[in-house]
Amino acid sequence: MKDNIININLETSTAPVVTEIRGKEWISYGDANGEWSNLYPQFLVDLYYSSSITAAIVNATSEMIAGENLIIEDEDERNLEAKIKLQSFMDRANSNESLHEVIKKLSFDFKLQGAFALNIVYAKDRSQGIAEVYHIDVSKIRCARPDEMGRTTGYYISADWTNTRQNKPYYVPAFNANDRTSANQIMYSGLYSPNMNSYYIPDYVSCNNWSLLDARISEFHLNNVSSGFSGSFMLNFSNGIPTSEERFQIEQSITDKFCSQANAGNFILTFSDDKTRTPEIQAISPSDLDKQFLALQELLTSNICSGHRITSKTLVGIDSTNGFSSNTDELINAANFYLNTVVSPFQIHLIKQLRKIFKVNQMDMPVNFVQLKPITVQFDSKTIREVM
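Please read all numbers here as calculations on a predicted model, not as lab measurements.

A. Structural view of the overall build of the chain. Summing up its helical and strand segments, the chain has 9 helices and 12 strands in all. In the chain, which comprises 388 residues, the proportion classed as buried is 38%. The long-range share in the chain, meaning contacts at least 24 apart out of those at least 6 apart in sequence, stands at 65%.

Structural data, given as structure tokens:
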């Protein structure tokens, strides 16, 4: 019977690594430890689902990026034909969605993954330009090997990169309006990422260790609640070393009887005819554990918010010690700062890429986002206090 040996690896790196692997037509996108080999986008997805703080920030920021809507800015109506054509495209980007519905998905990927992707579908008559655009889950995309000039000319898509035998990656050329040979092309884009080739990384990558810690702490508390015995005591039988089969049976018996949520807080009753052979129970819980976790929670929340460049936690739905805000003016200033320094660069880049599509269809006109307003009516603190 095989013994279970627990190996604790204290070296954790959440930084992305891009490598070329012999025999593969795509560039591998993984982590430094190799735990997420060519699966770094999936690591970010798992982090989103397991860290409540990260999820709150990504959700709120992606909503801000997408805004309330995308509108055409042409008050003088200098080109009415192009405006009508563009509005029609914005109302129906594909058979199922408006352009803003597509943008909401792009905004989410842009914040979570640091990049976004569009499937550009040309009309049967290529001279008619682009017929439809669809969102592509950017985690399904891997960049093809660059050409001799260092340019990425295409991408590989797989429904599941953990099993490429059953989900064989297929090649789709990169967006190029001058070469419309293929009916489908992929527009893959993101903000500049230093020391990264082919791929773009999220702007918060420096705080991923803290997000991972947030996930681990929640798992720790869940396990403590679900198992009243796990990790709380060390049970030592000082009567010799039994065989592997006996050790397994003893471990299984104790696990079945005591390690469950229903048995949390129960005690173990033992019988022995020799006091020197009684089990020894040692508590392994450190002192002031509750205070340590509170301090750690504050520290990781602060560092995650810093990594996302958030000056006020209330902006993204994270509880603050001041409630909603003891200073409304401060919250408004924080919202404006976040919109201008974080959200706006995402929006500008999205518009820049979208206008490349508009240009192909000869409907390139200035567009802009209708911003979400965290506070719709602005009163100063003095007025609010007088009303209340």
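Picking up after the structure, the text goes on.
B. Structural context of the sheet that holds strand β7 (residues 154–157). On the basis of which strands lie adjacent, the open sheet formed by 3 strands has the order β6-β7-β8 and antiparallel pairing. Looking along the sheet, the strands with just one partner apiece sit at the ends: β6 (141–143) and β8 (170–173). Strand-to-strand, the axes of this sheet are offset by a mean angle of 35°, without reference to chain direction. Looking at chain direction, β6 and β7 are connected through 3 bridges and run antiparallel. If you follow C143 over to β7, its bridge partner there is Y155.

C. Spatial organisation of the packing of aromatic side chains. For the structure on display, the rule yields 14 aromatic pairs. When the ring of Y48 is compared with that of F108, the centres are 5.3 Å apart and the planes differ by 90°; the resulting orientation is edge-to-face. In this pair, Y48 sits in helix α1 (residues 40–50) while F108 sits in helix α4 (residues 99–113), placing the two residues 60 residues apart along the sequence. Take Y48: its relative accessible area is 14%, and that puts it in the buried class. Considering the side-chain rings of F110 and F116, the 5.0 Å spacing of their centres and the 65° angle between planes classify their relative orientation as edge-to-face. You can call F110 buried: its relative accessible area is 1%.

D. Region of interest: the environment of F293. The residue F293 is located in helix α7 (residues 289–307) in this model. It is 8.4 Å that separates the C-alpha atoms of F293 and I217, two residues lying 76 residues apart in sequence. Once residues within four sequence positions are removed from consideration, F293 is found in contact with I217, F220 and H221.

E. Quick peek at the sheet that holds strand β9 (residues 184–190). Taken together, 3 strands build an open sheet; the order of strands is β5-β4-β9 and the sheet is antiparallel. Sheet topology places β5 (130–136) and β9 at the edges, where each strand pairs with a single neighbour. Each adjacent strand pair in this sheet contributes to an overall mean axis angle of 25°, direction not counted. Both strand β4 (residues 115–122) and β9 contribute to a ladder of 7 bridges, which runs antiparallel. Within β9, the residue paired with A115 across the bridge is G190. Relative to β4, helix α8 (residues 328–360) is tilted by about 10°, and along the sheet it contacts β4, β5 and β9.

F. Spatial organisation of the pattern of salt bridges. One pass over the full model with this rule turns up 8 salt bridges. One salt bridge in this structure joins R145 and E20, with 2.6 Å as the shortest N-O distance. Separated by 125 residues along the polypeptide, R145 in the loop between β6 and β7 and E20 in strand β1 (residues 16–20) bring together distant segments of the chain. For E20, a relative accessible area of 52% gives the class exposed. A salt bridge links E97 to K105, with the shortest nitrogen-to-oxygen separation between them at 2.5 Å. Among the charged side chains, a network of salt bridges with common partners joins K111, D203 and R309.

Basis of the calculations
- Residues numbered from 1 in each chain as written.
- Predicted model: local features only at pLDDT ≥ 70, side-chain atom pairs only at ≥ 80, totals over all residues.
- Heavy atoms only, no water.
- Helix = DSSP H or I, 4+ residues; strand = E, 2+ residues; numbered from the N terminus.
- Buried < 20%, exposed > 50% of the residue type's maximum accessible area, 1.4 Å probe, protein only.
- Contact = heavy atoms within 4.5 Å.
- Pairing = 2+ DSSP bridges.
- Axes fitted to C-alpha atoms, helices over the stretch in contact; angles between N-to-C directions.
- Phe/Tyr/Trp six-rings, centres within 6.5 Å; stacked < 30°, edge-to-face > 60°.
- Salt bridge = Lys/Arg side-chain N within 4 Å of Asp/Glu carboxyl O.

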